[in-house]
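Each chain is listed here by its residues.
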Amino acid sequence: MHSCLEVNSKMADENWKPKIIAIICNWCSYAGADLAGSARTQYPTDIRAIRVMCTGRVDPLFIMKAFQDGADGVLISGCHFGDCHYLEGNYKAAKRMFLLKSVLKNIGLDDKRLRMTFVSASEGAKWATVMEDVVNTVTELGPSPLNEFAR
Amino acid sequence: MAEVKKYEEPRIGVFVCHCGTNIAGSIDIKAVMEYASTLPNVVIADDYQYMCSTPGQNKIGEAIEEQKLTGVVVAACSPRLHEPTFRAATKEGGLNPFRFEMANIREQNSWVHMHQPEEATDKAKDAVRIAVAKASLLEDLIPKSVPVERAAMVVGGGVGGMQAALDLASAGIKTYLVEKEPSIGGKMSQLDKTFPTLDCSQCILTPKMVDVYRHENIELLTYTEVEAVEGYIGNFDVTLRKKARGVMTPDEATERGIIGGGCNGCGDCEDVCPVIRPNPFELGMSPMKAIYIYHAQVSPLIYTIDFDSCVKCGLCVDVCGDKKAIELDAQDTFETVKVGTIVLATGYDIFPVEEKHEWGYKNYDNVITSLEFERLICASGPTGGHLIRPSDGATPKKVGFVLCAGSRDNTGVGKPYCSRFCCMYSLKHAHQIIEKIPGAVPYIFYMDIRSFGKMYEEFYYRIQDEGAKFIRGRVANIQEDPVTKNLHINTEDTLLGRPIDVEVDMVVLAAAVQPAAETEATRRLFGVSCSQDGWLLEAHPKLNPCGTTTAGVYLAGVCQGPKDIPDTVAQAEGAASAASIPIHRGEVELEPYFAVCIEDICAGCGMCINLCPYQALALVEKDGRTVMQVTEAKCKGCGTCGGFCPGGAIRMQHFTTPQIVAQIDAFLLGGEQ
């Protein structure tokens with residue numbers, strides 16, 4: 001379900017590439033991403049990752065700032081539930097995601113632009129799948145309508 | 001606290017690593033370097049073949065001095081690999097090591113975008129820009145040193161755990177050895193002989209068990225499980241559940257004033273106990289009483305009551321007499337011990353091979369597992385070492401050994417990995433039946449024989465020469481002759497290229513191994529990750545195979561992945577050595593990533609207090625105001641409080657809000673728009 005803003009913002013530009021930022025935890029998802037590298041598992045290039053120690057560190061304002069800056073998508077990725085290096089940071093982060101997703105909907109952004117995934121240190125292949133999936137989802141949605149406003 | 005330098009303007013040096021062709025093969029290093037030199041605050045951009053080499057590291061030091069750098073960025077591999085290296089180089093150059101930031105352009109770029117050089121180069125530029133933005137805001141941080149408790153814990157009393165405990169204790173460290181079963185010894189004590197030397201397993205193990213029991217620095221805690229773990233490297237508080245044993249040791253009896261009392265292992269209680277149940281040590285193949293020891297060589301030699309089957313008739317109490325060792329109303333007790341480091345050696349279980357229905361285990365009488373074979377062929381086993389067919393007690397003449405029974409199996413029912421020691425013990429089994437049963441012929445059904453160790457291949461040749469039959473093919477199914485109870489093994493002989501049907505008297509399945517049932521709960525208690533197949537995850541598969549991502553927790557033996565006895569013992573010695581280092585140093589440096597309260601803007605709302613999983617935060621009165629205060633030693637730096645503080649009053653060192661926002665802005669607003 002797209003809001004009016006979203007529908008209007010679709011661009012026909014075929015060369016358009018999404019700008020996606022990932023904030024990922026040091027212990028699971030970052031290690032999983034490294035593992036995908038060691039295994040030379042190829043995936044799309046569109047995502048840039050920022051490392052934090054735990055997804056619990058992710059302030060909802062970081063995500064809002066990213067969207068305000070023109071991000072087309074934001075990915076938060078941490079450890080599986082019960083696997084958090086800091087016991088429960090990923091639960092706290094996941095709770096904030098529900099809040100943020102409802103905020104996004106309310107301001108007219110498709111909440112699929114924000115995604116939280118759980119990738120462990122041994123799931124290199126899963127990380128590559130997540131990368132592809134997030135890039136496909138955001139590409140499908142097109143440029144962020146906030147970029148249209150800025151224009 | 002050391003002096004914290006103040007700098008006027010950020011001056012950043014960027015160093016781009018070729019890593020041979022690992023990075024330079026798909027990323028245009030020159031373009032990245034030239035781009036870096038155009039970025040704000042960057043005063044020098046350089047490149048080198050291998051930044052981690054001595055000349056590479058020297059470049060950093062020279063630039064810090066010549067260019068008066070305030071921050072260093074290296075664009076190379078993952079910070080999980082070389083951040084410590086370059087931090088050391090930064091420190092060597094005279095800068096605070098926490099003024100270093102890494103851009104990962106290998107694991108998360110060149111290696112995963114090998115065929116897209118243009119996009120990869122763009123991504124590398126972005127990564128450098130993001131790292132420069134953070135480096136411009138990095139601050140001096142001083143790691144905190146904490147004292148290390150001069151004691152260690154080993155969890156699991158198999159051969160790996162015993163070796164680790166012996167090494168630690170012999171290095172002068174008080175060591176708690178925790179074992180969930182009533183006796184140490186683990187799986188190795190169930191084995192008959194060991195390959196390729198054919199040493200008697202018990203003969204080489206029991207001296208070690210006695211050493212462990214007698215060692216002045218080892219506190220042996222059998223029939224005990226880990227209940228809770230708190231703290232961090234150097235200062236773990238481990239709460240142990242001492243399961244109700246129902247039988248007092250002589251020491252415990254003395255403590256209660258029963259002089260000369262306590263269990264002396266005489267076994268009178270076992271004789272009178274009326275409850276008979278299967279003995280799990282013998283895999284149910286021999287009976288055992290409700291008050292029991294598993295076998296004659298247990299250590300410690302103390303009886304245990306199984307309260308699930310005990311009827312509390314009291315006959316054992318009467319026969320125990322003045323020793324007063326037995327207490328039928330015993331309850332679990334708890335004890336918390338403080339240790340500096342911990343070695344996990346929790347071992348493995350046998351894969352429930354009955355899940356592979358096609359081989360008929362638990363359906364056909366004469367299909368057994370290798371561990372059952374070990375007990376049946378063992379002189380101290382239920383049959384006194386006479387291998388018999390469970391269906392009729394006859395001596396089998398033709399025995400089929402099915403290898404990879406659940407290993408190397410991608411059907412979803414078995415395990416995808418190689419269990420590593422099954423080939424070798426099956427060869428040993430073949431040797432044992434040839435030796436013990438005149439005229440017996442072993443038929444080994446294999447996919448590949450993996451005899452990789454020292455003198456292993458030679459052992460394989462020996463078994464071939466002794467007359468074992470080798471048939472290369474995965475067994476499709478096993479069918480029982482309902483009259484004779486003989487078994488038909490159906491497979492394709494892949495060397496002959498045709499299906500075959502071999503009739504044998506008995507089948508031994510070399511069942512796969514899997515992590516011990518408690519591994520999942522244990523690893524969560526200790527904060528250790530696991531691999532996809534459930535084995536505990538080492539810090540680095542090659543360079544840190546004994547460590548974990550939780551500082552102060554180390555791995556030994558099969559809990560980290562299938563390995564045979566020599567490898568288990570070797571890893572145990574490695575883990576013990578690693579675990580002894582912080583203890584001998586006496587102190588460890590903790591990364592200074594803890595939370596800091598910005599008291600001027602803290603409203604004292606206390607929202608953060610409940611978010612902290614370590615109880616590191618508290619509200620205190622300061623200058624007439626309520627503000628939050630961090631206990632630095634308890635804070636592990638996750639940042640969960642900092643991610644939530646509604647007033648932004650918590651500064652997460654090295655991951656501050658301005659630093660992270662600068663990274664976000666650098667990616668989305670900076671660069672070539």
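Counting from 1, residues in each chain are numbered in the order their sequence is written. Here the convention is simple: chains get letters from A, ligands get numbers from 1, in the order in which they are written. For a predicted model such as this one, the threshold for reporting local features is a pLDDT of at least 70, and the threshold for listing and counting side-chain atom pairs is 80 or more; totals across whole chains, interfaces and linings nevertheless cover every residue. With hydrogens and water set aside, each side-chain value is computed from the structure's full complement of heavy atoms.

**Observations concerning the sheet that holds strand E1 (residues 12-17) of chain B**
Residues and elements named next belong to chain B.
Okay, step 1: When DSSP finds two or more bridges between two strands, those strands count as paired. Helix numbers and strand numbers start at the N terminus; a helix is a DSSP run of H or I with at least 4 residues, a strand a run of E with at least 2. The strand order across the open sheet formed by four strands is E2-E1-E3-E4, and the pairing between neighbours is parallel. The outermost strands of the open sheet, each flanked by one partner alone, are strand E2 (42-48) and strand E4 (100-104). In this sheet, adjacent strand axes meet at a mean angle of 20 degrees when their direction is disregarded.
Okay, step 2: Looking at chain direction, E1 and E2 are connected through six bridges and run parallel. Helix axes use the C-alpha atoms of the stretch in contact, all axes being lines fitted to C-alpha atoms, and the angles between their N-to-C directions lie in the range 0 to 180 degrees.

**Concerning the domain arrangement of chain B**
All names here are of chain B.
Okay, step 1: Entries for chain B in the domain assignment read domain 1 (12-143), domain 2 (145-242 + 333-347 + 530-587), domain 3 (244-331), domain 4 (350-514) and domain 5 (595-652).
Okay, step 2: Each domain's extent is set by a domain assignment, obtained either automatically or from a database. On a C-alpha basis, the centroid separation for the pair domain 2 and domain 3 is 27 Å.
Okay, step 3: Listed per partner, the contact involves 15 residues of domain 2 and 15 residues of domain 3.
Okay, step 4: Buried area, as used here, totals the accessible surface that two parts lose on assembly, with accessibility defined by a 1.4 Å probe and the loss added over both. Approximately 1,200 Å² of surface area, both sides summed, lies buried where domain 2 meets domain 3, with 52% of it carried by carbon and sulfur atoms. By the convention used here, residues are in contact when the closest approach between their heavy atoms is within 4.5 Å.

**Focus on the environment of histidine 488 of chain B**
Residue and element names in this part refer to chain B.
Okay, step 1: Assignment of secondary structure puts histidine 488 in strand E25 (residues 487-493).
Okay, step 2: A C-alpha to C-alpha distance of 48 Å links histidine 488 and glycine 527, two positions 39 residues apart in sequence.
Okay, step 3: Here histidine 488 is in contact with Asn477, Ile478, Gln479, Asp501, Val502 and Glu503, once residues within four sequence places are set aside.
Okay, step 4: Among the polar contacts listed, one links the side chain of histidine 488 to the side chain of aspartate 501, at a separation of 3.0 Å. Here a polar contact is recorded for every N or O atom pair within 3.5 Å, except that within protein the pair must consist of a potential hydrogen donor and a potential acceptor, and residues adjacent in sequence are included only if both atoms are side-chain atoms.

**Focus on the state of the cysteines**
Okay, step 1: The definition used for a disulfide is geometric: two cysteine sulfur atoms within 2.5 Å. Inspection of the entire model under this criterion finds two disulfides over all chains.
Okay, step 2: Paired through a disulfide, cysteine 28 of chain A and cysteine 79 of chain A show a sulfur-sulfur distance of 2.3 Å. Measuring the twist about the S-S bond at about 100 degrees, one finds the cysteine 28 of chain A-cysteine 79 of chain A disulfide to be right-handed. With a gap of 51 residues between them, cysteine 28 of chain A in the loop between strand E1 (20-25) and helix H2 (29-38) and cysteine 79 of chain A in the loop between strand E3 (73-78) and helix H4 (89-106) connect regions that are remote in the sequence.
Okay, step 3: Look at cysteine 79 of chain A and you get buried, because its relative accessible area is 3%.
Okay, step 4: Through a disulfide, cysteine 200 of chain B is tied to cysteine 203 of chain B; the S-S separation comes to 2.4 Å. Between cysteine 200 of chain B and cysteine 203 of chain B, the S-S torsion sits near 80 degrees, and that sign places the bridge as right-handed.
Okay, step 5: You can see cysteine 378 of chain B has no disulfide; the closest cysteine sulfur is in cysteine 200 of chain B, sitting 7.0 Å from it.
Okay, step 6: As a non-bridged cysteine, cysteine 422 of chain B has cysteine 418 of chain B as the owner of its nearest cysteine sulfur, 6.6 Å distant.
Okay, step 7: Between buried and exposed lies partly exposed: a residue is buried under 20% and exposed over 50% of the maximum accessible area for its type, with that area taken using a 1.4 Å probe on protein chains only. Taking relative accessible area as the criterion, cysteine 422 of chain B reaches 6% and is therefore assigned buried.

**Re helix H12 (residues 422-436) of chain B**
Residue and element names in this part refer to chain B.
Okay, step 1: Over its 15 residues, H12 extends 21 Å from the first C-alpha to the last, a length consistent with the 21 Å expected when each residue adds 1.5 Å.
Okay, step 2: Buried residues dominate H12, accounting for twelve of its 15 residues.
Okay, step 3: Listed as buried for H12 are Cys422, Cys423, Met424, Tyr425, Ser426, Leu427, Lys428, His429, Ala430, His431, Gln432 and Ile433. In this analysis, the expected span of each helix is defined as 1.5 Å times one less than the number of residues it contains.

**Observations regarding the confidence of the model for chain B**
Okay, step 1: Confidence per residue, as judged by the predictor, is encoded in pLDDT with a range of 0 to 100. When pLDDT is averaged along chain B, the result is 94, and 99% of the positions lie at 70 or above.
Okay, step 2: Our summary of model confidence lists the complex with pTM equal to 0.87 and ipTM equal to 0.93.

**What about the nonpolar core?**
Okay, step 1: Counting residues in each nonpolar core, the largest one holds 57 residues, and the members touching the most others are Ile63, Val74, Ile76 and Leu114 of chain A together with Ile664 of chain B.
Okay, step 2: Sorting elements by how many residues they give to this core places helix H17 (residues 657-668) of chain B first, with seven residues.
Okay, step 3: Structurally, this core is a two-domain feature, drawing no fewer than three residues from each of domain 1 (12-143) and domain 5 (595-652) of chain B.
Okay, step 4: Not counting the four nearest positions on each side in its chain, valine 74 of chain A is found in contact with Ile20, Ile21, Ile63, Ala66, Phe67, Arg113, Leu114 and Arg115 of chain A.
Okay, step 5: In this text, buried Ala, Val, Leu, Ile, Met, Phe, Trp, Tyr and Cys residues form a nonpolar core when linked through side-chain atoms within 4.5 Å. Counting 41 residues, the second-largest nonpolar core is a separate cluster that includes Ile23, Val32, Ala76 and Ala135 of chain B.

**Some remarks on the pairing of strand E23 (residues 469-472) of chain B**
All names here are of chain B.
Okay, step 1: Both strand E22 (residues 441-446) and E23 contribute to a ladder of four bridges, which runs parallel. The partner of tyrosine 446 across the bridge, within E23, is arginine 472.
Okay, step 2: Place the viewer so that the strands point away; then a crossover is right-handed whenever the path from the first strand over the helix to the second strand goes clockwise. For the crossover from E22 across helix H13 (residues 456-465) to E23, the handedness is right-handed.

**Comments concerning the packing of helix H6 (residues 159-170) of chain B against helix H7 (residues 201-214) of chain B**
Residue and element names in this part refer to chain B.
Okay, step 1: Axis separation between H6 and H7 bottoms out at 10 Å; the angle between their running directions is 45 degrees. Classed by the angle they form, the pair H6 and H7 counts as oblique. Pair H6 / H7 crosses with left-handed handedness. The segment H6 lies against H7, with Val159, Met162, Gln163 and Leu166 engaging Leu205, Lys208, Met209, Asp211 and Val212.
Okay, step 2: Under the scheme applied, nonpolar residues are Ala, Val, Leu, Ile, Met, Phe, Trp, Tyr, Cys and Pro; charged residues are Asp, Glu, Lys and Arg; polar residues are all the others, including Gly. Broken down by class, the residue content of the contact of H6 with H7 amounts to six nonpolar, one polar and two charged. Any angle between 65 and 115 degrees counts as roughly perpendicular, while under 35 counts as roughly parallel, over 145 as roughly antiparallel, and the rest as oblique. By convention the crossing between two helices is left-handed if the near helix lies anticlockwise of the far one by an angle smaller than a right angle, and right-handed if it lies clockwise.

**Regarding the pattern of salt bridges**
A side chain of one charge can pair with a side chain of the opposite charge if their charged atoms are brought near each other.
Okay, step 1: For this document, the term salt bridge refers to a Lys or Arg side-chain nitrogen within 4 Å of an Asp or Glu carboxyl oxygen. Counting across every chain of the model gives 44 salt bridges over all chains.
Okay, step 2: Notably, a salt bridge pairs glutamate 591 of chain B with arginine 87 of chain B, separated by 2.8 Å at the nearest N-O pair. Remark: arginine 87 of chain B occurs in helix H3 (residues 79-92) and glutamate 591 of chain B occurs in the loop between strand E30 (587-590) and strand E31 (595-597); sequence separation between them is 504 residues.
Okay, step 3: What emerges from the salt-bridge pattern is a single network uniting Arg51 of chain A together with Glu83, Arg87 and Glu591 of chain B.

**Some points on the packing of H12 of chain B against H13 of chain B**
Residues and elements named next belong to chain B.
Okay, step 1: Where H12 meets H13, the axes come as close as 10 Å, and the angle between the chain directions of the two elements is 35 degrees. Along this stretch, H12 crosses H13, giving a crossing that reads as left-handed. Between H12 and H13, the residues in contact are Met424, Leu427, Lys428, Ala430 and His431 and Tyr456, Phe459, Tyr460, Arg462 and Ile463, respectively.
Okay, step 2: Among the residues forming the contact of H12 with H13, the class breakdown is seven nonpolar, one polar and two charged.

**Some details on the interface of chain A and chain B**
Okay, step 1: Counting from both sides, the interface comprises 52 residues of chain A and, opposite them, 54 residues of chain B.
Okay, step 2: Between chain A and chain B, a total of about 4,600 Å² is buried, with carbon and sulfur atoms accounting for 57% of that surface.
Okay, step 3: Across the contact surface, chain A and chain B share five salt bridges.
Okay, step 4: For arginine 51 of chain A, the salt bridge goes to glutamate 83 of chain B, with nearest N and O atoms at 3.0 Å.
Okay, step 5: Taken together, chain A and chain B are joined by 25 residue pairs in polar contact (both at pLDDT 80 or more).
Okay, step 6: If you list the elements that add at least two residues to the side of chain A that touches chain B, you get E1, H2, strand E2 (47-52), helix H3 (60-68) and H4 of chain A.
Okay, step 7: Considering each element in turn, the side of chain A that touches chain B owes the most residues, seven residues, to H2 of chain A.

**A look at unusual backbone geometry**
Residues and elements named next belong to chain B.
Okay, step 1: The residue after phenylalanine 195, namely proline 196, is reached through a cis peptide bond having omega -15 degrees.
Okay, step 2: Residue proline 300 is bonded to the preceding serine 299 through a cis peptide linkage, with omega at 0 degrees.
Okay, step 3: With respect to the helices and strands, proline 300 occurs in the loop between strand E15 (291-292) and strand E16 (304-305).
Okay, step 4: Although it is not a glycine, lysine 362 sits at a positive phi angle of roughly 70 degrees.
Okay, step 5: Within the fold, lysine 362 resides in the loop between strand E19 (348-350) and strand E20 (367-369).
Okay, step 6: By relative accessible area, lysine 362 is classed as exposed at 63%.

**Section: the sheet that holds E2 of chain A**
Okay, step 1: If you walk across this open sheet you meet the four strands as E2-E1-E3-E4 (chain A), and the pairing is parallel. The open sheet is flanked by E2 and strand E4 (114-118) of chain A, the only strands paired with a single partner. Geometrically, the sheet is characterised by an average inter-axis angle of 20 degrees between neighbouring strands, direction not taken into account.
Okay, step 2: For E1 of chain A and E2 of chain A, the ladder comprises six bridges, and the chain directions are parallel. When the sheet's bridge partners are listed, cysteine 25 of chain A is paired in E2 of chain A with valine 52 of chain A.
Okay, step 3: Sheet strands touched by H17 of chain B: E1 and E2 of chain A. Its angle to E2 of chain A, the strand with the most contacts, is close to 170 degrees.

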